[in-house]
Amino acid sequence: QLQLVESGGGLVQAGGSLRLSCAASGRAFSLYGMAWFRQPPGKEQEFVATITWSAGSTYYADSVKGRFTISRDNAKNTVYLQMNNLKPEDTALYYCAARRGFIIPTMKLDENDYWGQGTQVTVSS
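Residues numbered from 1 in each chain as written. Predicted model: local features only at pLDDT ≥ 70, side-chain atom pairs only at ≥ 80, totals over all residues. Heavy atoms only, no water.

A word on the packing of aromatic side chains. Throughout the structure, instances matching the rule amount to four aromatic pairs. A network of ring pairs unites the aromatic residues Phe37, Phe47 and Tyr59 as a single cluster. A cation over a ring is seen here: Lys65 above Tyr59, with NZ or CZ 5.8 Å from the ring centre. Arg72 extends its terminal NZ or CZ atom over the ring of Phe29, reaching a point 4.6 Å from the ring centre. (Phe/Tyr/Trp six-rings, centres within 6.5 Å; stacked < 30°, edge-to-face > 60°. Lys NZ or Arg CZ within 6 Å of the ring centre and 35° of its normal.)

Pasting the structure below:
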């Protein structure tokens, strides 16, 4: 079983950067695919990025490709989301998720094995 805690959110101006972290406690973190999802205010959840258990592969939503980078440190049981050139439309509650297997972009947050409580990112124009 994993417990996931996100951190690193905050208020930033458009064009700025933030790095989100998701710390996992529990066993076998390195066996889980990890992903970030987000829910903008008044909108549905959406997939942001995913990384395989070995960090061998990553995949991004088109809306963040080239601006966001997902990475993981299995020794620290942590997954990161580096967000650069932030835009107001990136404003959302960001969640990390874990699954014993691949996380595909069409999945919903609650279709994963575990997810956190979220961290708020607000981008001002």
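Moving on, we get to unusual backbone geometry. The phi dihedral of Ala28 falls on the positive side, at around 65 degrees, and the residue is not glycine. Tracing the backbone shows Ala28 in the loop between β3 (18-26) and β4 (33-39). With a phi close to 55 degrees, Asn77 is a non-glycine residue in the positive phi region. Residue Asn77 is classed as partly exposed on the basis of its relative accessible area, which comes to 22%. (Helix = DSSP H or I, 4+ residues; strand = E, 2+ residues; numbered from the N terminus. Buried < 20%, exposed > 50% of the residue type's maximum accessible area, 1.4 Å probe, protein only.)

A few words now on a nonpolar patch on the surface. On the surface, Trp53, Phe102 and Ile104 cluster together to form a nonpolar patch covering roughly 300 Å² of accessible area. Along the chain, Ile104 falls in the loop between β9 (92-99) and β10 (114-115). (Patch = residues over 30% accessible without salt bridge, like charges linked within 9 Å, V, L, I, M, F, W, Y side chains within 5 Å. Areas by Shrake-Rupley, 256 points an atom, 1.4 Å probe, with all protein chains shown as cover. Salt bridge = Lys/Arg side-chain N within 4 Å of Asp/Glu carboxyl O.)

This paragraph deals with the state of the cysteines. One pass over the structure, following the stated rule, counts one disulfide. With a sulfur-sulfur separation of 1.9 Å, Cys22 is cross-linked through a disulfide to Cys96. With the S-S dihedral at roughly 45 degrees, the linkage between Cys22 and Cys96 falls on the right-handed side. Residue Cys22 is located in strand β3, and its partner Cys96 is located in strand β9; the two are separated by 74 residues in the primary sequence. (Disulfide = S-S within 2.5 Å.)

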